[in-house]
Amino acid sequence: MSSALSREDVAHLASLARISLSEDELDRLGAELPAILDHVAAVQGVVESAGEDVAPMSHPVPVANVMREDVVRPGLTPDEALSGAPASEEQRFLVPKILGEE
Amino acid sequence: MSDLTRLGAAELAEKLAGGEVTSVDVTRAHLERIGEVDSRLHAFLHVGEESAMATAADVDARRAAGEDVPTLAGVPVAVKDLINTTDQPTTAGSRMLEGWVPPYDATVVARLRAAGLPILGKTNLDEFAMGSSNEHSAYGPTRNPWDTDRIPGGSSGGSAAAVASHEAPLALGTDTGGSIRQPGAMTGVVGMKPTYGGVSRYGVVAMASSLDQVGPMARSVLDAALLHEVVAGHDPLDSTSIDAPVPDVVAAARRGDVSGLKIGIVRELGGEGFQPGVQAAFDGAVEQLAQAGAEVVEVACPSFRHGIAAYYLVMPSEVSSNLARFDAMRYGLRVSPEGVPDPSAEQVMSASRDAGFGDEVKRRIVLGTYALSSGYYDAYYGSAQKVRTLIARDFAAAFEQVDVLVSPTAPTTAWRLGEKSDDPLAMYLEDVCTIPANLAGVPGLSLPVGLADDTGLPVGVQFLAPALADDRVYNVAAALERLVAAPVLEEVR
Amino acid sequence: MTTATQKIVPFDEAITRYDPVMGLEVHVELNTATKMFCGCATAFGAEPNTQVCPVCLGLPGALPVVNAKAVESAIRIGLALSCDIAEWCRFARKNYFYPDMPKNFQTSQYDEPIAFDGYLDVEVPLEEGGTRTVRVEIERAHMEEDTGKSLHVGGATGRIHGADHSLLDYNRAGIPLIEIVTRTIHVPAELAPAVARAFVTQLRDLIVALDVSDARMDQGSLRADVNLSLSPKDSGVLGTRSETKNVNSFRSVERAVRYEIGRHAGVLDAGGSILQETRHFHEANGSTSAGREKSDADDYRYFPEPDLAPVAPSREWVEELRGTLPEPPSERRRRLQAEWEFSDLDMRDTVGAGALDLVAATVAAGTTPAAAKKWWLGELARRANEDGTDLADLPITPEQVAAIQGLIDAGRVNDKLARQVFEGVLAGEGTPDEVVSTRGLEVVSDDGALGDAVDRAIEANPDVAQKIRDGKVQAAGALIGAVMKEMRGQADAGRVRELVLEKLS
Ligand SMILES: [Mg+2]
Ligand SMILES: [Zn+2]
């Protein structure tokens, strides 16, 4: 796979990640990312040359079925919950108008 | 420097228990030391004088009343500013969380409080723990007390510098790809990354969930073990926390006996690309272990060389998702885009994330977004996870042959501020020795073994053991600690 | 939108030229005491942000822990839908930004759902009478978490468009959801709307029987999405699909399918193309409107949730849970029909109206099956239809229906008064007894007062009285009617008749 990333690609990724990068930042990332991607792309070759189906590891410790009982625990008070809010009203988090669907 | 700040945690604990000193005296001495030197180091982002002194006074009162208090009660500690504290701000070194005071304590902080350790303050770090130099802190870099023109390592550079400079006898750091061990090596202190799941991550601002671990930093192996014992153990609030007894790390740190042990030098982690002074210090340390009765062999771990590639896919992928919550809606920085009248939530999110995150954080978020995006997942994230399996297999095979693995902690000693700032990839390569342990979840400890003969700066040696065998690295490190001249910092330079 | 004025082809015409390709997704909010990944309570209607904690607010450092009861419910739903239960599965993160989602990813399941490959046999009432059993195949049922709720302030109240700002309440964020996804449902075109309705109705019956959810469409604890596309008849060509959301009654499910078939046909007839988008359903006129267009921005970047351990339900546990399943719906329907002595038509009407559980609960409360059916399919069905709601969502319980029938059986009210009692209960005036007393609906059973009224009626109608004395008992109706009129209906007609006959014998 080519790890060539166009400036548009970087802009698209930034919009997926909800970061409004400046033109300068787009230029810089567009220049830096290919070198990093070239390095990390080596993982594909490593896996291919392993010559067998290697299971992916998502968790370093193999545990399963970690669950809790369905018992209510005290949470935060509304004041605590809202303590870090940039804005609030009527005990709710106030946010700018939301576009898109609900 | 007060005599009290020259003492380690074990010695302080003994004097506190014996009534020779009070926690108020000890805590004040450290706060004074911070006042003396921190303007040159910037190890702390916040000093919690009031709450630390209150805890100290409380412990003293309980002791005076004849109450049975935990071993480290009254011994002060510094906490990396990635770990939530209800009585001090938690910024993660980012503008995004400037001034944020969490409404809940991390489990490790709750355990520090329960054990009576006064929390001196919150230490500086690379923003959201992303970096190997502390230069990525939004609040300015921490400096290495051995040479203030140099970096202290990262991302737990503030904790490392605080311990090395005697601002604190103990500190908590976090280690995702070496962030405890590498700054430990760079500043000449002991840094331990426990087995993944050994210490709760609850309340620790997440960088990469499958790699992050909290661990102790101290000036001796025993001190590190004492702090390890306080914070480790199962936490039902962390689903990845191991539900098994914590190995007796304190006993192991007191034992320090390598006779009959088999120690494996990782062939891939040394030689070419390693600074001669580092390699020489490492070789000398290994020689000492052999003389102390250990059998030293060389072991091949061929997949380790792909650790960095796998790490720089897994980590940014998880980062891109973990940091999505910083969106200016519920907490943290909110800025409106310039020149946009009546902006939408979406526009405010994007503008806030642009303003709140630094370059390194953005770089990793974009990289991780790419690695997870459809069409690329299998090639990047999927393959990286398979490389993790290969690395874990290398560890398993190695531990069939030897009890403990050993390598330099980092290829070089501390570099000058700004020296690697323009080349992110060069900075990433610094983590070559430490990353395999995070990918496989095994414990690793960095022990200072002296100063490099070429730079005169501290060098660390890393010990690695199988998962759950944290006591093994404490035992071997304690043995070597007795044999090498640990570097002692006389004054901040 | 291709055109501003959208032509909607009448359903009957549309299906002569197109075959609908339909799939359904149903979200079921579980009735666990706590949320999916934290110990916060799940009570409906609590004050804003009173059931929140670091985990469900997505605060930095917070970590999820799986609710065992939610997993149990998921397995039971899976088993009841004849699914296979995964021996090992994981949660995954579905990454996208939305202010009502605290972490900006939803913890869900992706390629490893807990349950998969099942089916539900649904009885579809046919227009011409009788029913037809249709097997709806279930692709998967998976676990996930709900989002918070936003209140849009300013502009047109409550609407997202034109709002000045929004207010967020995270009480609902993190409540466990089971998402049930069907495979494409293959049925004759004319049946599609009825099949969609029957599936959702009977799935709800099953969920209620499992006691895993309140399953109230009006409160959003059961939510259905309709995925629909059209294929020109016998062409084998697949169309672009729309996803209609916000469908919040059984009736609306049927209407949404009808509307979308007509809408798609209109666009296709005009040579236009259907956009892949979400659509919103509007109760008021049964139409849908464009929501968000699907684009490559919908790259959810799924990956296994690193903060949660895999779920590997033991086979013993699964079998134990299988033992707790209620009777399968089709068997239950057969059994109830026999017990109730309902004709096929009675049963079809009852099932079709979504009244099976309601009738069963009313019967369980002591009413005869015939009486229970009469009320639910008569008075109450009429009322639900007027209100545009489902029977189950009417503010009356089967126990209250049984209590009203009990009043009739005891002679305290007659049928006519009973209708007023229903009205009162539905209007929230209290229990049937309370409505009877506050509205003063009790029939006059005082023989003295009734006797006087009967005497007056006899006096006023001497001819009729004579006929009765002569043995023409059927003439009594006129006198009874007069008495009932005087008593304004509040008399027991049976008792009046007895009195008339006594006095004239
Ligand atoms: Mg879903
Ligand atoms: Zn919660």
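Everything below is about the structure shown above.
About the thresholds
Residues numbered from 1 in each chain as written. Chains lettered and ligands numbered in written order. Predicted model: local features only at pLDDT ≥ 70, side-chain atom pairs only at ≥ 80, totals over all residues. Heavy atoms only, no water. Helix = DSSP H or I, 4+ residues; strand = E, 2+ residues; numbered from the N terminus. Buried < 20%, exposed > 50% of the residue type's maximum accessible area, 1.4 Å probe, protein only. Contact = heavy atoms within 4.5 Å. Areas by Shrake-Rupley, 256 points an atom, 1.4 Å probe, with all protein chains shown as cover. Buried area = accessible area lost by both parts, 1.4 Å probe. Salt bridge = Lys/Arg side-chain N within 4 Å of Asp/Glu carboxyl O. Polar contact = N/O pair within 3.5 Å; in protein donor to acceptor, adjacent residues only side chain to side chain. Core = buried A, V, L, I, M, F, W, Y, C linked by side-chain atoms within 4.5 Å. Nonpolar A, V, L, I, M, F, W, Y, C, P; charged D, E, K, R; others polar. Pairing = 2+ DSSP bridges. Axes fitted to C-alpha atoms, helices over the stretch in contact; angles between N-to-C directions. Donors = N, O, S within 2.8 Å, 3.2 Å for Na, K, Ca; no water. Tetrahedral: all angles 85-135°; square planar, octahedral: opposite > 155°, others 65-115°. Parallel < 35°, antiparallel > 145°, perpendicular 65-115°, else oblique.

Trainee: What am I meant to see in the overall build of chain B here?
Mentor: Across its full length, chain B holds 17 helices and eleven strands. Across its three principal axes, chain B shows a C-alpha extent of roughly 70 × 55 × 45 Å. Counting over 493 residues, chain B shows a buried share of 70%. Restricting the contact set of chain B to residue pairs at least 6 apart, pairs at least 24 apart contribute 77%. Surface accessibility of chain B: about 14,000 Å² in total, with carbon and sulfur atoms responsible for 49%.

Trainee: Before we go on, may I ask you to explain the interface of chain B and chain A in this structure?
Mentor: By convention, interface size is frequently given as the accessible area that disappears when the constituent parts associate. Taken together, the contact between chain B and chain A spans 59 residues of the former and 53 residues of the latter. Summed over both sides, the interface between chain B and chain A buries roughly 5,000 Å², with carbon and sulfur atoms accounting for 69% of that surface. Area buried by chain B at its contact with chain A is led by B:Val366, B:Tyr370 and B:Lys386, which between them contribute 12% of it. Linking A:Arg28 and B:Asp359 is a salt bridge whose minimum nitrogen-to-oxygen distance equals 3.4 Å. Taken together, the links from chain B to chain A amount to 13 residue pairs in polar contact (both at pLDDT 80 or more). Looking at the side of chain B that touches chain A, the elements that each hand over two or more residues are α11 (307-322), α12 (345-356), α13 (359-372), α14 (378-401), α15 (424-429) and α16 (435-440) of chain B.

Trainee: What is the right way to look at the nonpolar core in this model?
Mentor: Looking at soluble globular proteins, one finds that nonpolar side chains tend to be buried together. The biggest cluster of nonpolar side chains holds 255 residues, and the ones touching the most others in it are B:Leu112, B:Phe128, B:Phe463, B:Tyr474, C:Ile114, C:Ile180 and C:Phe199. Sort the elements by how many residues they give to this core and helix α3 (residues 192-210) of chain C lands first, with eleven residues. Ranked by size, the runner-up nonpolar core spans 34 residues in total, among them C:Val351, C:Leu358, C:Trp376 and C:Ile396.

Trainee: Explain the interface of chain C and chain B to me, please; I cannot follow it from the model alone.
Mentor: Taken together, the contact pairs 31 residues of chain C with 39 residues of chain B. A buried area of about 2,700 Å², summed over both sides, lies between chain C and chain B, and 58% of it is on carbon and sulfur atoms. For the interface between chain C and chain B, the tally reads one salt bridge. Residue B:Arg201 pairs with C:Asp307 through a salt bridge whose shortest N-O separation is 3.0 Å. One can count 19 residue pairs in polar contact (both at pLDDT 80 or more) joining chain C with chain B. Mapped onto the side of chain C that touches chain B, the elements with two or more residues apiece are β4 (92-95) and β15 (303-304) of chain C. For the side of chain C that touches chain B, the per-class residue count stands at 22 nonpolar, four polar and five charged.

Trainee: Is there a simple way to think about the sheet that holds strand β1 (residues 44-47) of chain B in this case?
Mentor: Remark on secondary structure: sheet strands pair via backbone hydrogen bonds, oriented parallel or antiparallel. All names here are of chain B. On the basis of which strands lie adjacent, the open sheet formed by eleven strands has the order β1-β3-β2-β4-β6-β5-β10-β11-β9-β7-β8 and mixed pairing. Across the chains shown, the open sheet's two edge strands, defined by having one partner strand only, are β1 and β8 (295-299). Going from strand to strand, the sheet's axes swing by 25° on average, the running direction of each strand aside. Across the sheet, helix α8 (residues 221-231) is in contact with β2 (77-80), β4 (170-175), β5 (190-193), β6 (213-218) and β10 (444-451); its angle to β6 comes to roughly 145°.

Trainee: It is not clear to me how the coordination of the zinc ion (ligand 2) should be interpreted in this structure. Could you clarify?
Mentor: In an ideal octahedron of six donors the angles at the metal are 90 or 180 degrees, and in an ideal tetrahedron of four donors they are 109.5 degrees. Taken together, C:Cys38 (SG), C:Cys40 (SG), C:Cys53 (SG) and C:Cys56 (SG) make up the full set of protein donors to the zinc ion (ligand 2), lying 2.3 to 2.4 Å away. Taken together, the four donor atoms coordinating the zinc ion (ligand 2) and their angles of 99 to 116° define a geometry best described as tetrahedral.

Trainee: Is there a simple way to explain the pairing of β10(B) in this structure?
Mentor: For a regular strand, side-chain orientation follows a simple rule: the groups alternate between the two sheet faces. Residue and element names in this part refer to chain B. Across the eight residues that make up β10, a large majority, seven, are buried. Direction of pairing for β5 relative to β10: antiparallel, over a ladder of three bridges. Along β10, the bridge assignment pairs Met192 with Leu445. Here seven bridges tie β10 to strand β11 (residues 458-464), and the two strands are oriented antiparallel to one another. In the strand pairing of β11, Leu445 is matched with Phe463. What sits between β10 and β11 in their antiparallel hairpin is a turn of six residues, with Gly456 showing a positive phi close to 70°.

Trainee: What exactly am I supposed to notice about the coordination of the magnesium ion (ligand 1) here?
Mentor: Residues and elements named next belong to chain C. Taken together, Glu144 (OE), Glu144 (OE) and Glu179 (OE) make up the protein donors of the magnesium ion (ligand 1), found 2.0 to 2.6 Å from the metal. On the criterion of sequence distance, the pair formed by Glu144 in strand β7 (residues 131-145) and Glu179 in strand β10 (residues 176-182) is long-range, its members being 35 residues apart. For the residue pair Glu144 and Glu179, the accessibility class agrees, reading buried in each case.

Trainee: How should unusual backbone geometry be read in this particular structure?
Mentor: The general pattern is negative phi for most residues beyond glycine and trans for most peptide bonds. All names here are of chain B. Note that the residue after Gly154, namely Ser155, is joined by a cis bond; omega there is 10°. With respect to the helices and strands, Ser155 occurs in the loop between β3 (119-123) and α6 (157-164). One non-glycine residue with positive phi stands out, namely His42, at about 60°. Relative to the assigned elements, His42 resides in the loop between α3 (23-41) and β1.

Trainee: Whenever I open this one, the pattern of salt bridges confuses me. Can you help?
Mentor: Where charged atoms from two side chains of opposite charge approach closely, those side chains can pair. Inspection of the entire model under this criterion finds 68 salt bridges over all chains. As a salt-bridge pair, A:Glu32 and B:Arg363 come within 2.7 Å of each other at their nearest N and O atoms. Within this pair, whereas A:Glu32 is found in helix α2 (residues 23-40), its partner B:Arg363 is found in helix α13, the two belonging to separate chains. On the basis of relative accessible area, A:Glu32 is assigned to the buried category, the value being 15%. For C:Arg383, the salt bridge identified is with C:Asp387, shortest N-O distance 3.2 Å.

Trainee: Can you help me understand the packing of helix α14 (residues 447-460) of chain C against helix α15 (residues 462-469) of chain C in this one?
Mentor: Each pair of packed helices gets described by two things: the angle between the helix axes and the distance between those axes. Residue and element names in this part refer to chain C. Two numbers describe how α14 lies on α15: the axes approach to 5 Å, and their chain directions differ by 100°. Compared by their axis directions, α14 and α15 come out roughly perpendicular. Touching Ile458, Glu459 and Ala460 of α14 are Pro462, Ala465 and Arg469, all from α15. Residues of the contact of α14 with α15, tallied by class, amount to four nonpolar, no polar and two charged.

From the geometry alone we can't say anything about function, so treat these as descriptive.
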